[in-house]
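Structural features, examined
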Amino acid sequence: MLVHPIEVVEEDPGVDPVRVKCRIFCHFKRRPADEISLETCRECSRRRIVTGVIVCLNCGRWYPIVEAIPSMLDDEYMDLKLYRLFARKYLDRIPQKIVALMKKPDPSSLLE
């Protein structure tokens, strides 16, 4: 999975970064977790993604994050209205290389 933040707020949730350190990959720095310092984890644990997108790198299925809540429902429960609104409002703020990974649903078809 790839997480791309669009809007982020800084806060101090009081989380102990030792317990939240990513085990395999750091999406904040986009590097393997074993290359990331504990200070980076402290910085990351104070961030909350308000708006963004999660993309599955295997199948291209993507999920919008709206008001800090990822919409990760099965296809049969997918709210296409939410996806259309998200695509119209934020697609131009997502790097093209990430948009190219977003295959299901096809974001360009949501703009029509």
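This write-up is about the structure you can find in this document. Because the structure is a prediction, the values reported are computed rather than measured.

Residue Pro 105 follows Lys 104 across a cis peptide bond; omega there is -5°. Within the fold, Pro 105 resides in the loop between α4 (96–99) and α5 (107–110). Phi at Glu 67 is positive, roughly 55°, even though this residue is not glycine. Counting through the fold element by element, Glu 67 comes out in the loop between β5 (62–66) and β6 (69–70).

With that out of the way, let us pick up the sheet that holds β5. The sheet built from four strands is open, its strands ordered β1-β4-β5-β6 with antiparallel pairing. The open sheet has two edge strands, β1 (2–10) and β6, and neither has a second partner. Packing against the sheet, helix α3 (residues 80–90) makes contact with β1, β4 (47–55) and β5, and its axis sits at approximately 75° to β5.

What follows concerns the side chain of Thr 40. Note that Thr 40 resides in helix α2 (residues 38–45). Every residue in contact with Thr 40, bar those within four places of it in the chain, is listed here: Phe 28 and Lys 29.

Where α2 is concerned, the buried positions are Thr 40, Cys 41 and Ser 45. The buried residues of α2 occupy an angular sector of 135° when the element is viewed end-on, so they sit on one face.

Here we come to the pairing of β4. In terms of strand pairing, β1 meets β4 through eight bridges, oriented antiparallel. The residue bridging Leu 2 from the neighbouring strand is Val 55, located in β4. Summarising the sheet, β4 and β5 pair through four bridges and their orientation is antiparallel. The residue bridging Ile 54 from the neighbouring strand is Tyr 63, located in β5. The turn linking β4 back onto β5 is made up of six residues, and Gly 60 within it adopts a positive phi angle of 85°.

Take the packing of aromatic side chains next. In total, this model carries three aromatic pairs according to the counting rule given. Between Trp 62 and Tyr 83, the aromatic rings sit 4.8 Å apart at their centres with planes inclined by 65°, giving edge-to-face as the arrangement. A residue pair is termed long-range when its members are at least 10 positions apart, and Trp 62 in strand β5 and Tyr 83 in helix α3 qualify at 21 residues. You can call Trp 62 buried: its relative accessible area is 0%. Ring centres of Phe 86 and Tyr 90 lie 5.1 Å apart, and the angle between their planes is 45°; this geometry places the pair in the tilted category. On the criterion of helical spacing, the pair formed by Phe 86 and Tyr 90 is a turn pair, its members being four residues apart in helix α3. Taken as a pair, Phe 86 and Tyr 90 share a single burial class, namely buried. Taken together, the ring pairs connect Trp 62, Tyr 83, Phe 86 and Tyr 90 into an aromatic cluster.

Thresholds, definitions, all that
Residues numbered from 1 in each chain as written. Predicted model: local features only at pLDDT ≥ 70, side-chain atom pairs only at ≥ 80, totals over all residues. Heavy atoms only, no water. Helix = DSSP H or I, 4+ residues; strand = E, 2+ residues; numbered from the N terminus. Pairing = 2+ DSSP bridges. Contact = heavy atoms within 4.5 Å. Axes fitted to C-alpha atoms, helices over the stretch in contact; angles between N-to-C directions. Buried < 20%, exposed > 50% of the residue type's maximum accessible area, 1.4 Å probe, protein only. Arc of directions from axis to C-beta. Phe/Tyr/Trp six-rings, centres within 6.5 Å; stacked < 30°, edge-to-face > 60°.

Keep in mind these numbers describe shape, not what the thing actually does.
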